[in-house]
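Notes for the structure review
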Amino acid sequence: MSVLGRAMRSAIHEILALFIDDGLYAFAIVTWVTFIALITPRLRLPITYETPVFTVGLLAIVVLGVRHAAHRIMTRGQ
Amino acid sequence: MTDWIHAGPTVLAAFLASFVEFVEAFTIVLAVGTFRGWRSALTGTLAAVGVLVVLVLAGGPALERLPLSALRFSIGLLLLLFGMRWLRKATLRAGGVIALHDESAVFASESLLLREPGNIIPTLDPAGVLTAFNGVLLEGLEVVFIVIAAGAVGHTLLPAVFGASLAGIIVIILGIMFRAPLTLVPENTLKLTVGVLLSAFGTFWIGEALSYPWPGGDLSVIGLIGAFLGSAIVAITVTRGARSSRRLPPSTPTLS
């Protein structure tokens, strides 16, 4: 690989690392946002439910994501 | 009223995030300046700052020309990924699962790589210039993203630039005064705060893009900030509980 190619690859890796350091956690966020954007309009939820459902889902991802990572790190560390 | 509701959290997010990143960049520049000469350190720093300024000047106005709904959705998703990543890491650190970031350890590590037998190099040293350039560019990229993302969507680019610039000036002044790594900065608390703010912004912008009826309109951002802070506190409590039940020793400070 050329020097320019290596530099480009390194730059792309660094930019991706700004947003993703745990693939499963990032996947959960993207999946939830995609589900909310594409699927919930077809479910015809009452309009007042959409905002709380979207927000509570993200809050749950934070708590579950931290819990999952903590469990993984502590299990590995023992 | 609306402008201040948008601009206040944007300035705060840009200031706090930039403060953390400037402290990290300063540590690297200090190591280069001390062991490879200040000429190399400042040359690398100025080159990186030049690249970052071009990115802000090109990126900000270009984003403002995109369709608002698509812009809000894509920037909202990026803010969520970025903010929730910081929130997760800061929560794990606050819960004692991973070690706190240690600027003095970073300085020692960089110094070990840069130190060479003999005196400080008086002329431009390629290794020193490159180290300072890489350090400032990488830390600065995060600042640029926050400034552009938080500023462009809410049409508050100037307040965001103001917040980031203020943080930079304060770190430089403190750095010149102390000439040592700024170890007393509560970096994890700042990262947790920024994570909460950016996650709240991201959620709000995606909701706006999907035409969700936010209760209270723009004021709901404050409610979202409270909700994300609450979830972080719950997560910290859960991880601390899990740690104490396993009786694990405290984590030692880390470089990353």
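Residues numbered from 1 in each chain as written. Chains lettered and ligands numbered in written order. Predicted model: local features only at pLDDT ≥ 70, side-chain atom pairs only at ≥ 80, totals over all residues. Heavy atoms only, no water.

1. Description of the packing of helix H3 (residues 68-94) of chain B against helix H7 (residues 187-209) of chain B
Residue and element names in this part refer to chain B.
- Their axes nearest at 6 Å, the elements H3 and H7 cross at an angle of 150°. Taken together, the axis directions place H3 and H7 in an arrangement best described as roughly antiparallel. As H3 runs across H7, the sense of the crossing is left-handed. (Axes fitted to C-alpha atoms, helices over the stretch in contact; angles between N-to-C directions. Helix = DSSP H or I, 4+ residues; strand = E, 2+ residues; numbered from the N terminus. Parallel < 35°, antiparallel > 145°, perpendicular 65-115°, else oblique. Left-handed = near helix turned anticlockwise from the far one by under 90°.)

2. Considerations on the confidence of the model for chain B
Residues and elements named next belong to chain B.
- A residue-level look at chain B finds 86% of positions with pLDDT of 70 or above and a mean pLDDT of 82.
- Element-level pLDDT for chain B is lowest in helix H4 (residues 103-114), with a mean of 72, against a maximum mean of 90 in H3.
- Model confidence for the complex: the whole-complex pTM is 0.80, and ipTM, which rates the interface, is 0.88. (pLDDT = per-residue confidence, 0-100.)

3. Let's talk about the interface of chain B and chain A
- Contacts between the two partners involve 39 residues from chain B and, on the opposite side, 37 residues from chain A.
- The tally of links from chain B across to chain A stands at four residue pairs in polar contact (both at pLDDT 80 or more).
- Among the elements that make up the side of chain B that touches chain A, the one with the highest residue count is H3(B) (13 residues).
- Broken down by class, the residue content of the side of chain B that touches chain A amounts to 28 nonpolar, five polar and six charged. (Contact = heavy atoms within 4.5 Å. Polar contact = N/O pair within 3.5 Å; in protein donor to acceptor, adjacent residues only side chain to side chain. Nonpolar A, V, L, I, M, F, W, Y, C, P; charged D, E, K, R; others polar.)

4. Details of the nonpolar core
- Counting residues in each nonpolar core, the largest one holds 59 residues, and the members touching the most others are Ile29(A), Phe19(B), Leu79(B), Phe82(B), Met84(B), Leu198(B) and Phe228(B).
- Beyond its immediate stretch of four places on either side in the chain, Phe19(B) contacts Ala167(B), Ile170(B), Val171(B), Leu174(B), Val185(B) and Leu190(B). (Core = buried A, V, L, I, M, F, W, Y, C linked by side-chain atoms within 4.5 Å. Buried < 20%, exposed > 50% of the residue type's maximum accessible area, 1.4 Å probe, protein only.)

5. Structural notes on the side chain of Arg85(B)
- Within the secondary structure layout, Arg85(B) lies in helix H3.
- Residues within four places of Arg85(B) in sequence aside, it is in contact with Ala17(A), Leu18(A), Phe19(A), Ile20(A), Asp21(A), Tyr25(A), Leu80(B) and Glu142(B).

6. Regarding unusual backbone geometry
All names here are of chain B.
- For serine 211, which is not a glycine, the phi torsion comes out positive at approximately 60°.
- With respect to the helices, strands and loops of the structure, serine 211 is situated in the loop between H7 and helix H8 (220-246).
- On the basis of relative accessibility, which here comes to 59%, the residue serine 211 falls in the exposed class.

7. Details of the environment of Ala164(B)
Residue and element names in this part refer to chain B.
- Structurally, alanine 164 can be placed in helix H6 (residues 157-178).
- Note on alanine 164: relative accessible area 8%, which makes it buried.
- Along the chain, alanine 164 and glycine 140 lie 24 residues apart, while their C-alpha atoms are 10 Å from each other.
- Those residues within four positions of alanine 164 in sequence are excluded, and the remaining contacts are Ala14, Phe15, Ser18, Phe22, Val143 and Val147.

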